[in-house]
Amino acid sequence: MTIKLDPWGAAIPENYSRVMGEFGISPFETLLQKIPNPHPLMRRKIIFGHRDFERILNAMEKGENFAVMTGLMPSGKMHLGHKLVIDQLIWYQAQKSDIFLCVADLEAYSARGISFEQSRKFAIEEYLTNYYALGLDLERCHVYFQSTNNSVRHLAFLLSKKVNFSEMKAIYGFSGESSISQIFYPMIDIADILHPQLEEFGGPRPTVIPVGIDQDPHIRLARDVAARFKKELGFILPSSTYHRLLPGLTGDKMSSSRPETAIFLTDSDAELEKKIRNAFTGGLPTAAEQRRLGGDPSKCRVYELYIYHLMPDDKDLLEVNELCRSGKMICGECKTKAIEMMKSYLKEHRARYKRALPKVKKIVEKI
Ligand code: SF4
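Residues numbered from 1 in each chain as written. Predicted model: local features only at pLDDT ≥ 70, side-chain atom pairs only at ≥ 80, totals over all residues. Heavy atoms only, no water.

Colleague: Help me understand the layout of surface pockets in this model?
Modeller: Where empty space is left can be seen by rolling a probe of water-molecule size over the atoms. The space that makes up the largest pocket amounts to roughly 1600 Å³. As for the largest pocket, its lining consists of 49 residues, and the residues nearest its centre are Gly71, Met73, His82, Asp214 and Gln215. Mapped onto the lining of the largest pocket, the elements with two or more residues apiece are strand S3 (67-72), helix H4 (80-94), strand S4 (98-103), helix H5 (105-112), helix H6 (116-134), helix H9 (180-194), strand S6 (207-212) and helix H10 (216-228). Broken down by element, the lining of the largest pocket gets its largest block of residues, six residues, from H9. Counted by class, the lining of the largest pocket contains 25 nonpolar, 17 polar and seven charged residues. A volume near 340 Å³ is recorded for the second largest pocket. (1 Å grid on protein atoms, 1.4 Å probe; cavity = no way out; pocket = protein on both sides within 12 Å on 5 of 7 lines; lining within 4 Å. Points joined across faces, edges and corners; volume = space filled by probe spheres on them. Helix = DSSP H or I, 4+ residues; strand = E, 2+ residues; numbered from the N terminus. Nonpolar A, V, L, I, M, F, W, Y, C, P; charged D, E, K, R; others polar.)

Structure (structure tokens):
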């Protein structure tokens, strides 16, 4: 029996569908049937929108080459929200895509004042090693640092010829106080997105960028710029997919600067237990009420951990959903289950991380 799962109640939250309507993002759901083995994030509508993903599907169907591009900002620690993109990269790697992974050290310097040396350390210890431990084969990825990639910087300068300040100001809201590095930086971003299509990196081909909806302005600019250089450089408009942002454990936004909102991949058992115990849930004020009336998993941050990370099997998820709604399981028990699952997940992850670190250091030395 196929389980039809819509763990969110309404298909797409209103604020997302408004943005989709306004900026012409298409629903992802309509493509699902055409994807032979969709990632659980696709099936569960966490990836909810796209631009031109048909082009990627076409390439997948015909066994043709396509690229995936993403970046990491080496500041702060890696949390479960960051993991969403890596889960997708692992899936794309299994579909034989060419993966480009940019360490945005120029952005870290321009936006946060982080030195290139610090960025390198953060990138290795907090991000790339975790990626490797999660299962991404970095040796089959094009990993690069923005500060040492001449092709990207050269392309950024070239592309900037056809972008003016008014356009940048309208998108990014620059003011007289903005530094020139901040104003120029989006061109580096656009060059990151388009450079896999340069001849030296494989030439024009379908490229997809998996992002959160908040990143769409970059995608729109990249597509506009690609169209302006279509004749000269033969660019194909990049495709994109949009995933929901994993909400914070406390009920508001997840943020690296507020550790109580996020589970970091390096959290100790005691830290993660405390965070899950304090998480916002869809439970009722007393155990008796909840046993009688049931809880509401659609409002619950613990349930989101199950959806996004802990339960890839829809059957298990559906079971938790039913136990919660019927009041047969209450929040204390449910949190204990999530804590145990997360502890065992992170225990294995820590061991994989330890083994991965020297390998990743060697890989990065060669970049
Ligand atoms: Fe959330 Fe579990 Fe409580 Fe339901 S029982 S509201 S899923 S913590």
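Colleague: Hey, could you run me through the pairing of S3 in this one?
Modeller: Regular strands have side chains that alternate between both faces of the sheet. Where burial is concerned, most of S3 is hidden: five out of the six residues are buried. Where S3 meets S4, six bridges bridge the pair, whose relative direction is parallel. Across the sheet, the residue bridging to Met69 is Phe100, located in S4. Considered for its hand, the β-α-β crossover made up of S3, H4 and S4 is right-handed. In terms of strand pairing, S3 meets S6 through two bridges, oriented parallel. Paired with Val68 across the two strands is Val208, which belongs to S6. (Buried < 20%, exposed > 50% of the residue type's maximum accessible area, 1.4 Å probe, protein only. Pairing = 2+ DSSP bridges. Right-handed = clockwise from strand over helix to strand, strands pointing away.)

Colleague: For this particular structure, what's the right way to read helix H16 (residues 331-365)?
Modeller: Counting along an α-helix, one turn takes 3.6 residues, and residues three or four places apart therefore face a common direction. The end-to-end C-alpha distance of H16 is 47 Å, a good match for the 51 Å that 35 residues give at a rise of 1.5 Å each. At Ala356, H16 is bent by approximately 40 degrees, the largest bend along its length, and proline Pro358 sits one to four residues beyond. (Expected span 1.5 Å × (residues − 1). Bend = angle between axes of the 7 residues up to and from the residue.)

Colleague: What should I look at first to understand the domain arrangement of the protein chain in this one?
Modeller: Bring the parts together and some accessible area is lost; that lost area is often taken as the interface size. Looking at the protein chain, the domain boundaries give domain 1 (16-245) and domain 2 (259-356). The centre of domain 1, based on its C-alpha atoms, is set 30 Å off from the matching centre of domain 2. Every contact between the two is made by 21 residues of domain 1 and, on the other side, 21 residues of domain 2. For the domain 1 and domain 2 pair, buried surface summed over both sides reaches about 1900 Å², with 61% attributable to carbon and sulfur atoms. Its largest share of buried area at the contact with domain 2, domain 1 owes to Arg44, Leu80 and Ala133, together 35% of the area lost on that side. Viewed at the interface, domain 2 and domain 1 are joined by two salt bridges. Of the charged contacts, one joins Asp314 and Arg43 as a salt bridge, the two residues approaching to 3.0 Å between their closest N and O atoms. Applying the counting criterion to the domain 1 and domain 2 interface returns 13 residue pairs in polar contact (both at pLDDT 80 or more). Taken together, the elements giving at least two residues each to the side of domain 1 that touches domain 2 come down to helix H2 (40-43), H4 and H6. With seven residues, H6 is the largest single contributor of residues to the side of domain 1 that touches domain 2. (Domains from an automatic or database assignment. Contact = heavy atoms within 4.5 Å. Buried area = accessible area lost by both parts, 1.4 Å probe. Salt bridge = Lys/Arg side-chain N within 4 Å of Asp/Glu carboxyl O. Polar contact = N/O pair within 3.5 Å; in protein donor to acceptor, adjacent residues only side chain to side chain.)

Colleague: Sorry if this is basic, but what is going on with the packing of helix H12 (residues 269-277) against H16 here?
Modeller: For any two helices packed against each other, the geometry is given by the interaxial angle and the distance between the axes. As a packed pair, H12 and H16 sit with axes 10 Å apart at the nearest point and diverge in direction by 150 degrees. Considered as vectors, H12 and H16 are oriented roughly antiparallel to each other. In this structure, the crossing between H12 and H16 has a hand that is right-handed. Contacts between H12 and H16 involve Asp269, Leu272, Glu273, Ile276 and Arg277 from the first element and Gly332, Lys335, Thr336, Ala338, Ile339, Met342, Lys343, Leu346 and Arg350 from the second. Among the residues making up the contact of H12 with H16, the classes are represented as six nonpolar, two polar and six charged. (Axes fitted to C-alpha atoms, helices over the stretch in contact; angles between N-to-C directions. Parallel < 35°, antiparallel > 145°, perpendicular 65-115°, else oblique. Left-handed = near helix turned anticlockwise from the far one by under 90°.)

Colleague: Help me understand the site of the ligand in this model?
Modeller: Near the ligand, the surroundings consist of Thr281, Gly282, Gly283, Gln290, Cys300, Val302, Tyr303, Cys324, Met329, Ile330, Cys331 and Cys334. Here the ligand is seated within the largest cavity. Contributing elements (two or more residues each) for the shell around the ligand: helix H14 (301-310) and H16. Taken together, the residues of the shell around the ligand break down into eight nonpolar, four polar and no charged. (Near = heavy atom within 4 Å. Sits in = over half its atoms within 2 Å of the grid points.)

Colleague: What's the story with the sheet that holds strand S7 (residues 239-243) in this structure? I'm lost.
Modeller: Taking strand neighbours across the sheet as the criterion, the seven strands line up as S1-S2-S7-S6-S3-S4-S5 in an open arrangement whose pairing is mixed. In the strand order of this sheet, the two ends are held by strand S1 (26-27) and strand S5 (141-145), each with one partner. This element, H4, spans strand S2 (47-51), S3, S4, S5, S6 and S7 of the sheet and lies at about 135 degrees to S7.

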